[in-house]
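# Summary of structural features
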Amino acid sequence: MAKISRLWVIRKLCQKHYGTAHPTAAQINNVIHKYGLNRYSVDGKVRSKEVLTKYIAQAYAKLK
């Protein structure tokens, strides 16, 4: 299985939801928060790789 980039997933989700090739920053932020793909938690700490992997896998499943 090939590696899946967080940014690639975000871009594909933007294309799915908004249908644009070049999403705006607001659209990107909406997708990031909707699927929990943010790198940092609310208190400013970096989220663990395991947590991000879980949320990326869930978001990737929504693409299919």
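Everything numeric here is computed off the predicted structure, so don't read it as measured data.

### Section: the packing of helix H1 (residues 6-18) against helix H3 (residues 49-63)
Where H1 meets H3, the closest approach of the two axes is 10 Å, and the angle between their N-to-C directions is 35°. Judged by the twist between their axes, the crossing of H1 over H3 is left-handed. Along its contact with H1, which presents Arg6, Trp8, Val9, Lys12, Leu13 and Lys16, the element H3 presents Ile56, Ala59, Tyr60, Lys62 and Leu63. Of the residues contributing to the contact of H1 with H3, the split by class is seven nonpolar, no polar and four charged.

### Some remarks on the side chain of arginine 47
When you line up the elements, arginine 47 lands in the loop between helix H2 (25-35) and H3. Buried within the structure, arginine 47 lacks any salt-bridge partner; aspartate 43 is the closest side chain of opposite charge, at an N-O distance of 8.8 Å. Among the polar contacts listed, one links the side chain of arginine 47 to the backbone oxygen of glycine 36, at a separation of 2.8 Å. Here asparagine 38 takes part through its side chain, which lies 2.8 Å from a polar atom of the side chain of arginine 47. When neighbours within four sequence positions are excluded, arginine 47 is seen to be in contact with Gly36, Leu37, Asn38, Arg39, Tyr40, Ser41, Leu52 and Tyr55.

The rules behind each value
Residues numbered from 1 in each chain as written. Predicted model: local features only at pLDDT ≥ 70, side-chain atom pairs only at ≥ 80, totals over all residues. Heavy atoms only, no water. Axes fitted to C-alpha atoms, helices over the stretch in contact; angles between N-to-C directions. Helix = DSSP H or I, 4+ residues; strand = E, 2+ residues; numbered from the N terminus. Left-handed = near helix turned anticlockwise from the far one by under 90°. Contact = heavy atoms within 4.5 Å. Nonpolar A, V, L, I, M, F, W, Y, C, P; charged D, E, K, R; others polar. Buried < 20%, exposed > 50% of the residue type's maximum accessible area, 1.4 Å probe, protein only. Lys, Arg positive; Asp, Glu negative; His and termini not counted. Salt bridge = Lys/Arg side-chain N within 4 Å of Asp/Glu carboxyl O. Polar contact = N/O pair within 3.5 Å; in protein donor to acceptor, adjacent residues only side chain to side chain.

Function cannot be inferred from these measures alone, as they are strictly geometric.
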